[in-house]
Every structure is written in structure tokens, then in C-alpha cells.
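What follows is each chain in one-letter form.
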Amino acid sequence: IENTAIDAILKSASLLQSDILKLPHHGSINSYHEDFYRAVSPKAVIVSVGVNNYQHPHPTVRAYFAGCRIPFYATVDKGAVLTESDGRSVWIRTMQ
């Protein structure tokens, strides 16, 4: 999804909070939405992306989460990203 759809989600949902945010559109600048990120308030971010010519994930997106000190897991950097939860805690591990 891109910003138009994200705006619609923000308007229609009262609670978006999540421990993990899977970034939309491979971390594209067209999906960069600080209000959405603040609403979700993730403890970690995962983006599924391979080597590409589109700057995905976009440097601005990476910088936003780095500035917030939120761990950022991009598959292009980390390989597969695996999550596990017992309903109380969440664990993230990577294949690299």
C-alpha cells in the first residue's frame, strides 16, 4: 500500500499498535508515513526487499527508524527474518 491507503487506515482504525511493523511497499518513499509509524508504535520493523534499482527501502525510511532507535530488519541485509511469540514476548532472529 502507499500513502492514500495508509491515510484511509489511519482514519478508520482506532487502535493500530503492534510490536512488529512489516513495512508496506518494500519500504518505499511512497509509503513513508510518520503518523502511521507513530500510531503503530512498533518495537521492531521488518521490510521484505531484495536488491533493486528503486532505493527500497528508501534511505529516509531507514533514517526515520534509526532516529527513533527502532530495530530495522531488511531482508536484503539480514536474509530471512523469523519472528516467534509466546503471546507475551516476541523474538526476532535472522538467517545472517
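What you see is a predicted model, and the numbers here were worked out from it, not measured in a lab.

## Topic: the environment of Ala74
At step 1: Tracing the backbone shows Ala74 in strand β3 (residues 72-74).
At step 2: Among the residues examined, Ala74 registers a relative accessible area of 0% and is labelled buried.
At step 3: Residues Ala74 and Val45, spaced 29 residues apart in sequence, show a C-alpha to C-alpha distance of 8.3 Å.
At step 4: Each residue touching Ala74, except ones within four places of it in the same chain, is listed here: Val47, Val49, Pro57, Arg62 and Gly79.

## Remarks on the pairing of strand β4 (residues 81-85)
At step 1: Sheet analysis places β4 next to strand β5 (residues 90-94), joined by five bridges and oriented antiparallel. Bridge pairing in β5 links Leu82 to Arg93.
At step 2: Counted along the chain from β4 to the antiparallel partner β5, the turn is four residues long, and its residue Gly87 has a positive phi close to 95 degrees.

## A look at the side chain of His58
At step 1: Among the structural elements, His58 can be located in the loop between β2 (44-47) and α3 (59-67).
At step 2: Overall, His58 belongs to the buried group, its relative accessible area being 15%.
At step 3: With residues up to four places along the chain from it excluded, the contact list for His58 reads Gly27, Ser28 and Ile29.

## Topic: the packing of aromatic side chains
At step 1: Across all of its chains, the model carries seven aromatic pairs by this definition.
At step 2: Ring geometry for Tyr32 against Tyr64: centres 6.1 Å apart, planes inclined by 80 degrees, an arrangement best described as edge-to-face. Remark: Tyr64 occurs in helix α3 and Tyr32 occurs in the loop between β1 (20-22) and α2 (34-40); sequence separation between them is 32 residues.
At step 3: Judged by centre distance (5.0 Å) and plane angle (90 degrees), the ring pair of Tyr64 and Phe65 falls under edge-to-face. Accessibility assignment for this pair places Tyr64 and Phe65 in one class, buried.
At step 4: By way of ring pairs, the aromatic residues Tyr32, Phe36, Tyr37, Tyr64, Phe65 and Phe72 are connected into one cluster.

## Quick notes on the sheet that holds β2
At step 1: On the basis of which strands lie adjacent, the open sheet formed by three strands has the order β1-β2-β3 and parallel pairing. Of all strands in the sheet, those with a lone pairing partner are β1 and β3, marking the two edges. Direction aside, the axes of adjacent strands within the sheet are offset by 20 degrees on average.
At step 2: Here β2 runs beside β3; their pairing, made up of three bridges, is parallel. Bridge pairing in β3 places Ile46 opposite Tyr73.

## Details of unusual backbone geometry
Leaving glycine out, the prevailing phi sign among residues is negative, and the prevailing peptide bond configuration is trans.
At step 1: With an omega dihedral of -10 degrees, the bond running from His56 to Pro57 counts as a cis peptide bond.
At step 2: Take Pro57: it is sitting in the loop between β2 and α3.
At step 3: Phi angles above zero are rare outside glycine, and His26 is one such case at about 60 degrees.
At step 4: Turning to its location among the elements, His26 is positioned in the loop between β1 and α2.
At step 5: Take His26: its relative accessible area is 37%, and that puts it in the partly exposed class.
At step 6: At Gln55, a residue that is not glycine, the phi angle is positive and equals roughly 60 degrees.
At step 7: Note that Gln55 resides in the loop between β2 and α3.

Rules behind the numbers
Residues numbered from 1 in each chain as written. Predicted model: local features only at pLDDT ≥ 70, side-chain atom pairs only at ≥ 80, totals over all residues. Heavy atoms only, no water. Helix = DSSP H or I, 4+ residues; strand = E, 2+ residues; numbered from the N terminus. Buried < 20%, exposed > 50% of the residue type's maximum accessible area, 1.4 Å probe, protein only. Contact = heavy atoms within 4.5 Å. Pairing = 2+ DSSP bridges. Phe/Tyr/Trp six-rings, centres within 6.5 Å; stacked < 30°, edge-to-face > 60°. Axes fitted to C-alpha atoms, helices over the stretch in contact; angles between N-to-C directions.

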